[in-house]
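Breakdown of the fold
Residues per chain, in single letters:
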Amino acid sequence: MTTLATGYDPKSFETRLYAQWESSGVFAPAGDGPAYTILLPPPNVTGTLHMGHAFQHTLMDALVRYHRMRGFRTLWQMGSDHAGIATEMVVGRNLALEGKGETRDSLGREKFIEKVWEWKAQSGDTIERQMRRLGASGDWSRSVFTMDPMASDAVIEAFVRLYEQGLVYRGKRLVNWDPVLKTAISDLEVENREVPGHMWHFKYPLAGSETYEYIERDADGNVTLRETRDYIAIATTRPETMLGDGAVAVHPSDARYAPIVGKLCEIPVGPKQHRRQIPIIADEHPDPDFGSGAVKITGAHDFNDYQVARRHDIPLYALMDDAARMRTDGLGYGESAAIAGRAARGEDVGDVSAVNLVPDDLRGLDRYEARARVIEAITAEGLAVTDAEGAPVVDNKPIMQPFGDRSGQVIEPFLTDQWFVKMDGLAKRGLELVEGVDGKPGEVKFVPPNWINTYRHWMENIQDWTISRQLWWGHRIPAWFDDAGNVYVARTEEEAYRRAGFNPPGKGGDAEGGSKDGGSRPALRQDPDVLETWFSSAMFPFSTQGWPNEDAMGERGFDVALPTSVLVTGFDIIFFWVARMIMMTDHLVGRVPFRDVYITGLVRDSHGQKMSKSKGNVLDPLDIIDGITADALVAKRTTGLMKPQDAPRIEKATRKEFPNGINAHGADALRFTMAALAGPGRDIKFDLSRAEGYKNFCNKLWNATRFALMNTEGFQPSPSRGGLGGDGCALQPVTDAEKWILARLDAVSAEAAGHFASYRFDLLAQALYEFAWNEVCDWFVELAKPALLGDDKAAADSTRHTLLHVLDALLRLLHPLVPFVTEELWQAIAPKLGKSGSIMVEPYPQAGDLDTAAYARADADIEWLKAMVSAVRRIRSELGVSPSKQVALLVRGGGADDAARIAHLDAQLRFLCRVERIETLDGEPPAAAPALVGELQLFVPLEGLVDLAAERTRLDKELAKVAAEKGKSETKLAKFGGNVPPAVVEQERKRLADWSSKLEALTAQRARLD
């Protein structure tokens, strides 16, 4: 292709080019260069491309394309995550929409999982198709789904090895529990929202009607309250959990309660005949300045209380079932209260899982209904703290409440049997791998480096990792139980039976299937739970490379692909994913998963607000690429809202911001916008006007290429050995303009390499934009015209060759950021340089490709010429002189270099400035518009160009205005006293100097008109 359409239309070629790239196999690792590998953070299989994906994928693709062009053996390892909770919800909703009455539970585990795989086959690759639209050049042939057999084998092997090493265990712990989904969830799946709340204040009477002197003091130690009390007051936002209290805690330094520490108090709820007593303990957890300073300890229903309970050996009394309803199972209330009473007196009561401290009349109630009943009962008994008027004290205040990000329901801390990974030793090693040890730097580097502080905080405050989930979709935990409760962790059921000491069913032995020793073989039941997706994601660096199968590892290039070169990800998953990959990869494989971790910020809207469905400010990257009508955009933003009443507000704001919808910008404009905004670790404010500006930038490249094609029609550079840039043709620049642009090309190539190395995509985009727009498309195109249109054939041909070469190099420089338009344009000019194939595998321009040291003089001369042209054009613009009208240029002063350059560049000055003559002045000029380039004074005579009387009037007005501003500045400086900051004084002095200089120049200019 050697011709181009008249206008830039990304829809006409982007999809076509991507299909060509993918079918050609160019995304796969190739060559013998050093390895460069990036691991894609696997998006959820249920997901669609959002702005955060578009941001991070742009940066990853830029790095991959850059290193591919540098000759590295590049691999962008693609993949997707099975997203246990989200996938079950999607398939569950689809079953409901089918209207057949089928549900997850009615189908059963096997049939439901079949439905999930059916959905995956039909809809599970949506996000991968969208990534292709953005231009992601990953090796799709190696893409790994976390439930694929190879990845699943790695996950099971990891679990078994960790168990055998004593790092995986099963225990009863407190977890985040979603009572709708009925599964444990991770902290990342919990949204803490500020909601209207209440805090109730209740009295816990002291046992035996004991009393004590309660004293409050102010900050100076003065007594502000002294009274005798027979109770200790607590405040709670969850009164229903009082039923499971195991203690009341106060701070050891809190003198108000020192007399009663170690005594018993009575929980003010429950049947009177079984009213429980609990100890008052001292612990560092309570804040003496918050509320009453006393805190009830309900270890089975609060994470902080859980830690206090563990420190003081307080039993954990569970009150709710997995649906957050008050328990109906276990022992009767009377028996349960008796056991709890013995525990409060210090007796060892053993396992309390059967103890149910929910009174009979509250059993089976929803937690909120139970809350209302508890408040009513306590208040009726007169055990609510009251104000001066005798009304119960209830603080109405905002509280932070945890919600499940999938179900939208309030999360309940829940005591349940789960599988855990011991983290202390792993975390210590994980910290060493980043911070280093014995004075040596760590093997993993964070970029920007400040994020190591976040990593360190997590690792130093780590808790054992809950890895089990009460779901069906996922990697089923490879643990089998017999009727006696013994557990056998194994890779397969057959192995589990053998570990239990028996032949597996159907493997020989007795008539029933056989046992090795003739004994009765137990029936083993596999744990119904699955491993959380973060567990399989932690193995992703090596599960994608065939581990632990040595043959698969060899086929996939395990030794080359690990460690990967860089991980590009967000700060919000530094602990949930980054840290766990570091720990797991090191422990199981003996390597780090990556050398660098580049942490990005969040993509926010143009006002700095987080994008969310509820705010109605979400932008879909595909809508920016391909466009969307206003009606369709409104429908997208208002459909499926959690609060449908917000739809009118969202529609109004959307139609105001996008009255005509969103125009199609193409993938390249979006990508360049993302790169330009990618400051180090900062959140970015996405402004659609930036994308519009970068669409114009792509159009500028398009027009520059059309200019080059029109001016090189029929031209072919002469072949020569050892040519420049792989075009097989010697580049021997003749004109100063050629030498200047080649020197600038060398400099910007060096800048690009430095910015890629330091992950400064914003500076890379800025440098390439300025070089492309200002220096190539504006200045070099202009500077080339005298030679192209002149009579010197050697200069013209040399300029044509340089124009093609520089455009080729510019497209190669830009390709990692804007791959589509650069490929389309490169295909048009490549044949003229004897090239073919794809720009993707062309060498990336490097500083030193051409020795430009000899071009220093030409570089300086052209910079001088640019300043001259800019000065004269500015005068012409200010005077409103027609572009076709010739003017005279008078020069005065300057040095020998100026004189030499005027003579040397006379033809270029005349052509570019539309100057009819250039004369040197010794005396005063006639009425003229002045300019200054260094020490050289320029004058464009006004006669014949402007109305002199009108110009005098204009200058008189400008003189009066500037004189007034100068007077204001002088007055202000005269009034400044000694208390004015020096910086303010200096700033005003600078303003005065500027006004004075301007007044002097205007006065001289006005004098020339007389």
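These figures come from a predicted structure and were not determined experimentally. (Residues numbered from 1 in each chain as written. Predicted model: local features only at pLDDT ≥ 70, side-chain atom pairs only at ≥ 80, totals over all residues. Heavy atoms only, no water.)

**Brief notes about the overall build of the protein**
Looking only at helices and strands, the protein features 32 helices and 30 strands. Taken over the C-alpha atoms alone, the protein extends approximately 115 × 85 × 65 Å along its principal axes. Across the 1010 residues of the protein, 53% fall into the buried class. Accessible surface, the protein as shown: approximately 44,200 Å² in total, 49% of it carbon and sulfur. Here the protein contributes 118 positively and 143 negatively charged side chains, and the mean placements of these two sets differ by 3 Å. (Helix = DSSP H or I, 4+ residues; strand = E, 2+ residues; numbered from the N terminus. Buried < 20%, exposed > 50% of the residue type's maximum accessible area, 1.4 Å probe, protein only. Areas by Shrake-Rupley, 256 points an atom, 1.4 Å probe, with all protein chains shown as cover. Lys, Arg positive; Asp, Glu negative; His and termini not counted. Charge placed at Lys NZ, Arg CZ, Asp CG, Glu CD.)

**Let's talk about the UniProt feature "short sequence motif: 'HIGH' region" (unreviewed entry) in the protein**
In the numbering used here, UniProt assigns the "short sequence motif: 'HIGH' region" (unreviewed entry) feature to residues 43-53. Structurally, residues 43-53 is divided into 27% helix and 0% strand, and its ends, taken at the C-alpha atoms, are 8 Å apart. (UniProt positions renumbered as here; feature names shortened; annotations may be inferred.)

**Some remarks on helix 32 (residues 982-1007)**
If you check helix 32, its first and last C-alpha atoms are 37 Å apart, about what 26 residues at 1.5 Å a residue would give, namely 38 Å. For helix 32, the complete set of buried residues consists of Val985, Glu988, Leu992, Leu999, Leu1002, Gln1005 and Arg1006. (Expected span 1.5 Å × (residues − 1).)

**Thoughts on the state of the cysteines**
Taken as a whole and assessed by the stated rule, the structure comprises 0 disulfides. Of the cysteine sulfurs around Cys777, a residue in no disulfide, the closest is that of Cys698, at 11 Å. (Disulfide = S-S within 2.5 Å.)

**So, the sheet that holds strand 6 (residues 190-205)**
Ordered in space as 9-6-14, the 3 strands form an open sheet in which the pairing is antiparallel. Edge positions in the sheet fall to strand 9 (231-236) and strand 14 (394-404), since each has one partner strand and no second. Strand-to-strand, the axes of this sheet are offset by a mean angle of 30°, without reference to chain direction. Relative to strand 9, strand 6 is paired through 6 bridges, and the arrangement is antiparallel. Paired with Trp200 across the bridge in strand 9 is Thr236. (Pairing = 2+ DSSP bridges. Axes fitted to C-alpha atoms, helices over the stretch in contact; angles between N-to-C directions.)

**Some thoughts on unusual backbone geometry**
Between Trp547 and the following residue, Pro548, the backbone shows a cis peptide bond with an omega angle of 5°. Within the element layout of this structure, Pro548 appears in the loop between helix 15 (540-543) and helix 16 (550-556). Note the cis peptide between Leu562 and Pro563, where omega equals 0°. By secondary structure assignment, the location of Pro563 is in the loop between helix 17 (558-561) and strand 23 (564-570). Positive phi values are uncommon outside glycine, yet Lys182 reaches one of about 55°. Among the secondary structure elements, Lys182 is positioned in the loop between strand 4 (168-178) and strand 5 (183-185). A positive phi angle, near 60°, is found at Tyr759, a position not held by glycine.

**Here we look at the pattern of salt bridges**
Evaluated as defined, the whole model comprises 75 salt bridges. The shortest N-O distance in the salt bridge between Glu102 and Lys115 comes to 3.9 Å. Here Lys115 lies in helix 5 (residues 109-123) and Glu102 lies in the loop between helix 3 (84-98) and helix 4 (104-107), a separation of 13 residues in the sequence. A salt bridge links Arg649 to Asp646, with the nearest nitrogen and oxygen atoms 3.8 Å apart. Members of the salt-bridge network, linked through shared partners, are Glu157, Arg161, Glu164, Arg491, Glu495 and Arg499. (Salt bridge = Lys/Arg side-chain N within 4 Å of Asp/Glu carboxyl O.)

**A word on the nonpolar core**
By size, the foremost hydrophobic cluster in this structure holds 152 residues, and its most contacted members are Phe686, Phe761 and Leu938. Ranked by residues supplied to this core, first place goes to helix 25 (residues 761-788) with 15 residues. Leu39, Ala158, Leu426 and Ile477 belong to the second largest nonpolar core, which has 62 residues in total. (Core = buried A, V, L, I, M, F, W, Y, C linked by side-chain atoms within 4.5 Å.)

**A closer look at the packing of aromatic side chains**
This model, assessed by the stated rule, comprises 38 aromatic pairs. Between Trp117 and Phe145, the ring centres sit 5.9 Å apart and the planes meet at 85°, which makes this aromatic pair edge-to-face. Note that Trp117 is positioned in helix 5 and Phe145 in strand 3 (residues 139-145), a separation of 28 residues in sequence. Ring centres 5.9 Å apart and planes at 45° place the aromatic pair Tyr214 and Tyr257 in the tilted group. Of this pair, Tyr214 sits in strand 7 (residues 212-217) while Tyr257 sits in the loop between strand 10 (247-250) and strand 11 (264-266); the two residues are 43 residues apart in sequence, bridging distant segments of the chain. Grouping residues by exposure puts Tyr214 and Tyr257 together as buried. (Phe/Tyr/Trp six-rings, centres within 6.5 Å; stacked < 30°, edge-to-face > 60°.)

**Observations concerning the sheet that holds strand 29 (residues 928-933)**
Within a sheet, adjacent strands bond to each other through the backbone by hydrogen bonds, running parallel or antiparallel. The strand order 28-27-30-29 describes an open sheet built from 4 strands, whose pairing is mixed. The open sheet has two edge strands, strand 28 (915-920) and strand 29, and neither has a second partner. Adjacent strand axes in the sheet meet at a mean angle of 25° when their direction is disregarded. In the sheet, strand 27 (residues 887-893) pairs with strand 30 (residues 936-941) via 4 bridges, with the strands oriented antiparallel. Note on strand 30: the bridge partner recorded for Val891 is Leu938. Strand contacts of helix 30 (residues 906-913): strand 27 and strand 28, with the helix running at about 130° to strand 28, the strand carrying the most contacts. (Contact = heavy atoms within 4.5 Å.)

**Looking at the packing of helix 11 (residues 424-435) against helix 18 (residues 574-589)**
Orientation of helix 11 relative to helix 18, taken along the N-to-C sense of each, is 100°, at an axis distance of 9 Å. Taken together, the axes of helix 11 and helix 18 lie roughly perpendicular to each other. Of the residues in helix 18, those in contact with Leu426, Ala427, Arg429, Gly430, Leu433 and Val434 of helix 11 are Ile582, Met583, Met584, Asp586 and His587. Class assignment of the residues belonging to the contact of helix 11 with helix 18 gives a composition of 7 nonpolar, 2 polar and 2 charged. (Parallel < 35°, antiparallel > 145°, perpendicular 65-115°, else oblique. Nonpolar A, V, L, I, M, F, W, Y, C, P; charged D, E, K, R; others polar.)

**What about a negative patch on the surface?**
On the surface, Glu98, Glu110, Glu114 and Glu118 cluster together to form a negatively charged patch. In terms of residue count, the dominant contributor to the negative patch is helix 5 (3 residues). Following the sequence through the fold, Glu98 ends up in helix 3. (Patch = residues over 30% accessible without salt bridge, like charges linked within 9 Å, V, L, I, M, F, W, Y side chains within 5 Å.)

**Considering the environment of Asp620**
Assignment of secondary structure puts Asp620 in the loop between strand 25 (603-604) and helix 19 (621-626). For the pair formed by Asp620 and Asp482, sequence separation is 138 residues and the distance between their alpha carbons is 51 Å. Only 3.1 Å separates the side chain of Asp620 from the side chain of Lys636, close enough to count as a polar contact. (Polar contact = N/O pair within 3.5 Å; in protein donor to acceptor, adjacent residues only side chain to side chain.)

**A word on the environment of Leu167**
Within the fold, Leu167 resides in the loop between helix 7 (149-164) and strand 4. Since its relative accessible area comes to 17%, Leu167 is described here as buried. For the pair Leu167 and Ala154, spaced 13 residues apart in the sequence, the C-alpha separation amounts to 17 Å.

**Points about the side chain of Ser565**
Relative to the elements of secondary structure, Ser565 occurs in strand 23. In this view, Ser565 contacts Ala35, Tyr36, Thr37, Arg595 and Asp596; residues no more than four positions away in its chain are not counted.

**Thoughts on the packing of helix 7 against helix 18**
In a packed pair of helices, the relevant descriptors are the angle between the two axes and the axis-to-axis distance. Packing of helix 7 against helix 18 leaves a shortest axis separation of 11 Å and a crossing angle of 75°. Regarding the angle of helix 7 to helix 18, the classification is roughly perpendicular. Seen from helix 7, the contacting residues are Ala158, Arg161 and Leu162; seen from helix 18, they are Met584, His587 and Leu588. Among the residues forming the contact of helix 7 with helix 18, the class breakdown is 4 nonpolar, 1 polar and 1 charged.

**Comments concerning the side chain of Ser798**
Along the chain, Ser798 falls in helix 26 (residues 793-814). Within the local environment of Ser798, its side chain forms a polar contact with the backbone nitrogen of Val734, the two atoms lying 3.2 Å apart. Ignoring any residue separated from it by four or fewer positions in sequence, one finds Ser798 in contact with Gln732, Pro733, Val734 and Glu738.

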